[in-house]
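Summary of the model geometry
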Amino acid sequence: MDKENSRQFNLFLDTEQDNKIFIKYSYSEDLCRVKEFVLIYFTRRYDEFVEVVKYDCSEKERLHVHYFWGNSKHKEYLDREISIDTMLFIMDKLVENWRKYLLKFNESKVFI
């Protein structure tokens, strides 16, 4: 992503700040469209953040989601355009469903 035309931030989901969504996106020079973005839901494990769900897309690869639970990573392509509306829709979906994703993640992992 082009540093000049990109922004990034974290959205914490709980008061303990153990769960967050990292959002990074780049936009066109004329500011009229989002060119690419990534949204990652992280949870804290042993003082470090680990990925639970990751949505990303670019001009080279269409929108897809990675689920980091179970025996292996699962990647699924989505039929949505690259746009600010899609990015905001995904952000809302992550905010609404992060507890469900965390439960699936915790059920599939062994933490010692």
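Residues numbered from 1 in each chain as written. Predicted model: local features only at pLDDT ≥ 70, side-chain atom pairs only at ≥ 80, totals over all residues. Heavy atoms only, no water.

1. Focus: the overall build of the protein chain
Where we set the bar: The way it works is that DSSP assigns letters per residue, a run of H or I at least four long becomes a helix, a run of E at least two long becomes a strand, and they are numbered from the N terminus. Here the globule rule is a power law, 2.2 Å times the number of residues to the power 0.38, and the radius of gyration is based on C-alpha atoms.
The helix and strand tally for the protein chain stands at 1 helix and 6 strands. Moving toward the C terminus, one meets the helices and strands of the protein chain in the order β-β-β-β-β-β-α. Taken over the C-alpha trace, the protein chain has a radius of gyration of 15 Å; the compact-globule value for 112 residues is 13 Å, and the two agree within 12%. Projected onto the principal axes, the alpha-carbon positions of the protein chain cover approximately 50 × 30 × 20 Å.

2. Comments concerning the pairing of strand 2 (residues 19–27)
To be explicit about the condition: Only protein chains enter the accessibility calculation, which uses a 1.4 Å probe. A residue is then buried if its area is under 20% of the maximum for its type, exposed if over 50%, and partly exposed in between. Strand pairing follows a simple DSSP-based rule, namely that at least 2 bridges must link the two strands.
For strand 2, a buried count of 8 out of 9 residues is recorded, marking the element as mostly surrounded by other parts of the structure. Sheet analysis places strand 1 (residues 6–12) next to strand 2, joined by 7 bridges and oriented antiparallel. The residue bridging Phe9 from the neighbouring strand is Ile23, located in strand 2. As consecutive antiparallel partners, strand 1 and strand 2 are separated by 6 residues, and within that stretch Gln17 has a phi angle of approximately 60 degrees, a positive value. Taking the residues between adjacent antiparallel strands as the criterion, strand 2 and strand 3 (residues 34–45) are bridged by 6 residues, where Leu31 takes a positive phi near 65 degrees.

3. A closer look at the environment of Glu61
To be explicit about the condition: Only heavy atoms matter for contacts: two residues are in contact if any of them lie within 4.5 Å across the pair. Here a polar contact means two N or O atoms within 3.5 Å. Within protein one must be a hydrogen donor candidate and the other an acceptor candidate, and residues neighboring in sequence count only if both atoms are side-chain atoms.
Along the chain, Glu61 falls in the loop between strand 4 (48–57) and strand 5 (64–67). Separated by 16 residues in sequence, Glu61 and Tyr77 have C-alpha atoms that sit 9.6 Å apart. With near-sequence residues (within four places) excluded, Glu61 lies in contact with Lys75 and Tyr77. Side chain to side chain, Glu61 and Lys75 meet in a polar contact 2.9 Å long. There is a polar contact of 2.5 Å between the side chain of Glu61 and the side chain of Tyr77.

4. Observations concerning the pairing of strand 5
Here strand 5 shows no split at all, with His64 and His66 on one side and Val65 and Tyr67 on the other all buried. Examined bridge by bridge, strand 4 and strand 5 share 4 bridges and lie antiparallel to one another. Directly across from Lys54, in strand 5, lies its bridge partner His66. Between strand 4 and strand 5, which pair antiparallel in sequence order, lie 6 residues. Pairing geometry for strand 5 and strand 6 (residues 74–77), over 4 bridges, is antiparallel. Residue pairing for strand 6: Tyr67 is matched across the bridge by His74.

5. Examining the environment of Asn106
Relative to the helices and strands, Asn106 resides in helix 1 (residues 84–108). In sequence terms Asn106 and Trp69 are 37 residues apart; their C-alpha atoms lie 8.0 Å from each other.

6. Brief notes about unusual backbone geometry
The residue Gln17 is not glycine, and still its phi comes out positive at about 60 degrees. Along the chain, Gln17 falls in the loop between strand 1 and strand 2. Residues other than glycine seldom take positive phi values, yet Tyr46 does so here, at roughly 50 degrees. Among the secondary structure elements, Tyr46 is positioned in the loop between strand 3 and strand 4.

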